[in-house]
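# Chain and residue survey
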Protein chains: 2
Amino acid sequence: MKHHLEDLYAALVDVLGEACIVRDEDLVSAYAGDWSEAPRQLPGLVLLPQTSQQVAAALDVCSRFSQPVVVQGGLTGLAGGGTPRPGEIALSLSRLNRIEEIDAVGGIAVVQAGVVLEALQKSVEEHGWSFPLDLGARGSCQLGGNAAVNAGGNRVIRYGTMRAMVLGIEVALPNGTLLTMLNRVEKNTTGIDLKHLFIGSEGTLGVITRLVLKLTPKPTSSCTALCALPSFSSAARLLKQARMALPSLSAFEVMWADFMAAAMQVASLRQPFAAEAPVYVLIETQGANEEEERRQLETFLGDALEAETVMDVIVAQSLDDKERLWQYRETVGELLAQMKPHAAFDVGIPMAAMETFVSSTREVLTRRFPDQRHLFFGHIGDGNLHVLSGPHLTDENLHCVEDIVYTAVRDVGGSISAEHGIGVIKKAFLHNSRSTEEISLMRSLKALFDPNSILNSGRIL
Amino acid sequence: MKHHLEDLYAALVDVLGEACIVRDEDLVSAYAGDWSEAPRQLPGLVLLPQTSQQVAAALDVCSRFSQPVVVQGGLTGLAGGGTPRPGEIALSLSRLNRIEEIDAVGGIAVVQAGVVLEALQKSVEEHGWSFPLDLGARGSCQLGGNAAVNAGGNRVIRYGTMRAMVLGIEVALPNGTLLTMLNRVEKNTTGIDLKHLFIGSEGTLGVITRLVLKLTPKPTSSCTALCALPSFSSAARLLKQARMALPSLSAFEVMWADFMAAAMQVASLRQPFAAEAPVYVLIETQGANEEEERRQLETFLGDALEAETVMDVIVAQSLDDKERLWQYRETVGELLAQMKPHAAFDVGIPMAAMETFVSSTREVLTRRFPDQRHLFFGHIGDGNLHVLSGPHLTDENLHCVEDIVYTAVRDVGGSISAEHGIGVIKKAFLHNSRSTEEISLMRSLKALFDPNSILNSGRIL
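Residues numbered from 1 in each chain as written. Chains lettered and ligands numbered in written order. Predicted model: local features only at pLDDT ≥ 70, side-chain atom pairs only at ≥ 80, totals over all residues. Heavy atoms only, no water.

Glancing now at the sheet that holds strand β6 (residues 108–112) of chain A. Hydrogen bonds between backbone atoms are what pair the strands of a sheet, whose relative direction is either parallel or antiparallel. Residue and element names in this part refer to chain A. Pairing in this open sheet of five strands is antiparallel, and the strands run β5-β6-β10-β8-β9 from one edge to the other. Only two strands of the sheet have a single neighbouring strand rather than two, namely β5 (99–103) and β9 (178–181). Strand-to-strand twist in this sheet, taken as the mean axis angle between neighbours without regard to direction, amounts to 10°. Sheet topology note: the strand β8 (residues 166–172)/strand β10 (residues 207–214) ladder contains six bridges and is antiparallel. The partner of Val166 across the bridge, within β10, is Leu213. (Pairing = 2+ DSSP bridges. Helix = DSSP H or I, 4+ residues; strand = E, 2+ residues; numbered from the N terminus. Axes fitted to C-alpha atoms, helices over the stretch in contact; angles between N-to-C directions.)

Dropping the structure here:
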């Protein structure tokens, strides 16, 4: 790259102006992104365009120079996709951070890609609406990035993933075309729905610059319960019954006993029930009438107790109660810190295979690594299992754990990434979830959109 | 085509066998599809493959012969996409009609593309599940076709369109590749989600041969109410409130006064309320506890009466009542017959623009065609408006009506097809909903998947 850095810089200044480009020398002090976490290489230039047109123009320049570009949002990704590779320059969406419109009649928001998730959540709530995507990184992650990895989170069971919330999209293509598809209608069958190419493809085909997002009326009440269950199959039965009996169901989180024990230990929480149970389920509903909702939830769980689907139940009676019940699930951050170096998984498992997957994977991991912890939990309402294993002191052991888990995922026809994406860290395992034909077709699409392979290259494929 | 029909036939017999090909001479008697409706040209050959592999092999032969193919499902489409064009042969999915698996734990069905919608609905209900896509053509339309046009129907507000129900897909590509992507997990972020290319693209990129479908726990109760409202803006307010207060909301159908009057006349129904109203809304909920659901609905509508969002309300107290309330909405078939030759529209309109769109379009149509009827109704819960105008005795007048409506759709950024597709009949208006850049990209994708342009060519683009 070095030989043309000055020419490239001059061409980029032409389309962006100097104020939108940070050069190496001032990089660390001038760049607003969060570089403090995780070691990462520094790119020679960071582009900080302020308009969609500038993003497109910058890509056009980079295509002409065959200059590789890494796209950066809030830098909260967990698959290494935003980390610059040698020779790449960075394109940050951070300055495209304007909420352009909130349509309070139709329940629609139009945002630039760099808007932080939490900023949108707060903004729409003032208008009586809710943007229901929610995840731990809400305070830093950007909506463009959420779309690029098709983010999930805790409430997918009710509201779907990010894909279900994107009505329209604007994308800058590597050839400099700005593809404006700011659809605002729920139903639009007018040929290929192109936005789906960009949602979940981690910025390998184009850079998302704007989004039209679907809002949900703001819930004014919510109920939470923690249940102890005799087995996973009881949890699967409870899930089906809950999906029907509780139309306001918004979360169904499962934690296996080993996770629960580790959670209590790491955060000094007390045992919630008189006796230990093999499986715990955290249920949340969101609605408009707290009293009615709690009565409904209590009736439902009363029936489940009677049918012995659940062994014991705590229904939160106050906001404090709710927070206390969520605490067990939310120790994940502390567990991740304590178990370093760890292998952390985000896999999708068909419900019918979940029980066998968990018990056989636990057995294999425990046999091979008896001194490590192997914890299972996740958004089971949508088949999303998280596995946390560690500490593993050598790369070889980490790789061995990955191999065990991803092979098991392949064997049950699961997905090796449910919501974090492939990035660079899961590339080697892509074939466990996608066939040769699919990978070949993905390559053809990549070549069609990005013939010089300048955009987020080396990610996914 | 004639010069090679015998060679082509021989090559097709090689991969399909004679029993899977119907030749011109016996066509009408032997072919099981519904050819009785609407005039259509007859293709020289009809292929009736029995396996996915045969579909792929047949496409490979046709690609080598540059033989154009029209794909046919249940022949219930409303955009002319399944009608053979001169020189085309037909490929029917009718014999791929097996429900391969119903997973009652995970709530998943694996079906061949030719399974009729109603057959699946009935089959999964026996296992305590529901397949919630529902539309008038349920007795003939096939699931492959439903996916190809991303079908909608009455319950999109609760369950989404067909796209939201498709977890996995198998597609035969024009080059003979069978792309098997039978994903079973809700969340799968492992690169480009290729299935979305085929959902809604009306068979122009590949032929859907199998589907993995997401089921919903079977509702055991439902409630229905008909409301009279003072204005559309009241309906928009009621919709937002209903989406929050009634999480079991499964339909929100709006009928304007002119539709209601025509419905009563054509089916000899009596005026439901003491006084006429400008707008009527039909509300349905689906849940597991009828008594509680009705109480909830009555409370909700009581509040709406008090707030004067609605003027009058009928809540169905029996199954008969429910059917009576739905009757008004379901006169559409009779109205279509009575108003022939008519222009019938299926458009998506942003909620914030709906009221103006309806009133100004009605005004323009009434001024230009004062002796015709112009009726407005639709699945307004998801922004899907149907307009029915007729009778129009000349093609010129029909075209004029189309021009008026589609121009108005363009002006509010709507979609010219919400759920029926573009096919051949809306091709000329595609640019009203898709930009030049989008159309150009669609063409590039078409060329990538189908370089000889043999598959459903001349549809959409």
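From this point on, the discussion continues.
Moving on, we get to helix α4 (residues 117–125) of chain B. Every buried residue of α4(B) is accounted for by B:Leu117, B:Leu120, B:Gln121, B:Ser123 and B:Val124. Each element contacted by the buried residues of α4(B) is listed here: β5 (99–103), β6 (108–112), β7 (129–130), α5 (143–148) and β10 (207–214) of chain B. (Buried < 20%, exposed > 50% of the residue type's maximum accessible area, 1.4 Å probe, protein only. Contact = heavy atoms within 4.5 Å.)

Once that is clear, we can look at the sheet that holds strand β13 (residues 249–256) of chain B. Residues and elements named next belong to chain B. Within the open sheet, the seven strands sit side by side as β15-β12-β14-β13-β17-β18-β16. Their pairing is antiparallel. Looking at which strands have only one partner, the edges of the open sheet turn out to be β15 (312–315) and β16 (343–348). Going across the sheet, the axis of each strand differs from the next one's by a mean of 15°, ignoring polarity. Two strands pair when backbone bridges link them, and strand β17 (residues 373–379) and strand β18 (residues 384–390) are joined in this way by seven bridges, in the antiparallel orientation. Across the sheet, the residue bridging to His379 is Asn384, located in β18. Sitting on the sheet, helix α10 (residues 257–266) touches β12 (221–229), β13, β14 (279–287) and β17, and the angle it makes with β17 is about 100°.

Each side of the interface is counted separately: chain A has 82 residues, and chain B has 81 residues. Both faces combined, the contact of chain A with chain B buries some 6300 Å², and carbon together with sulfur accounts for 65% of it. By the criterion of area lost to chain B, the three top residues of chain A are A:Lys187, A:Thr189 and A:Ile192, representing 14% of everything that side buries. Viewed at the interface, chain B and chain A are joined by eight salt bridges. A salt bridge links B:Lys187 to A:Glu419, with the shortest nitrogen-to-oxygen separation between them at 2.8 Å. Of the residues forming the side of chain A that touches chain B, the biggest block, eight residues, is contributed by helix α16 (residues 436–449) of chain A. Considered class by class, the residues forming the side of chain A that touches chain B number 33 nonpolar, 31 polar and 18 charged. (Buried area = accessible area lost by both parts, 1.4 Å probe. Salt bridge = Lys/Arg side-chain N within 4 Å of Asp/Glu carboxyl O. Nonpolar A, V, L, I, M, F, W, Y, C, P; charged D, E, K, R; others polar.)

To continue, consider unusual backbone geometry. Most peptide bonds are trans, and most residues other than glycine sit at a negative phi. Cis peptide bonds are those with omega within 30 degrees of zero, and the linkage from A:Gly390 to A:Pro391 qualifies with -10°. Tracing the chain through its elements places A:Pro391 in the loop between β18 (384–390) and α15 (395–411). Of note, the bond from B:Lys340 into B:Pro341 is cis; its omega dihedral lies within 30 degrees of zero at -15°. Not every positive phi belongs to a glycine, and B:Ser66 is a case in point at roughly 50°.

All names here are of chain A. Domain boundaries assigned for chain A yield domain 1 (2–92), domain 2 (99–217), domain 3 (221–332) and domain 4 (339–422 + 431–438). Opposite the eight residues of domain 2 that make contact, domain 4 presents seven residues. In this assembly, domain 2 and domain 4 are joined by four residue pairs in polar contact (both at pLDDT 80 or more). (Domains from an automatic or database assignment. Polar contact = N/O pair within 3.5 Å; in protein donor to acceptor, adjacent residues only side chain to side chain.)

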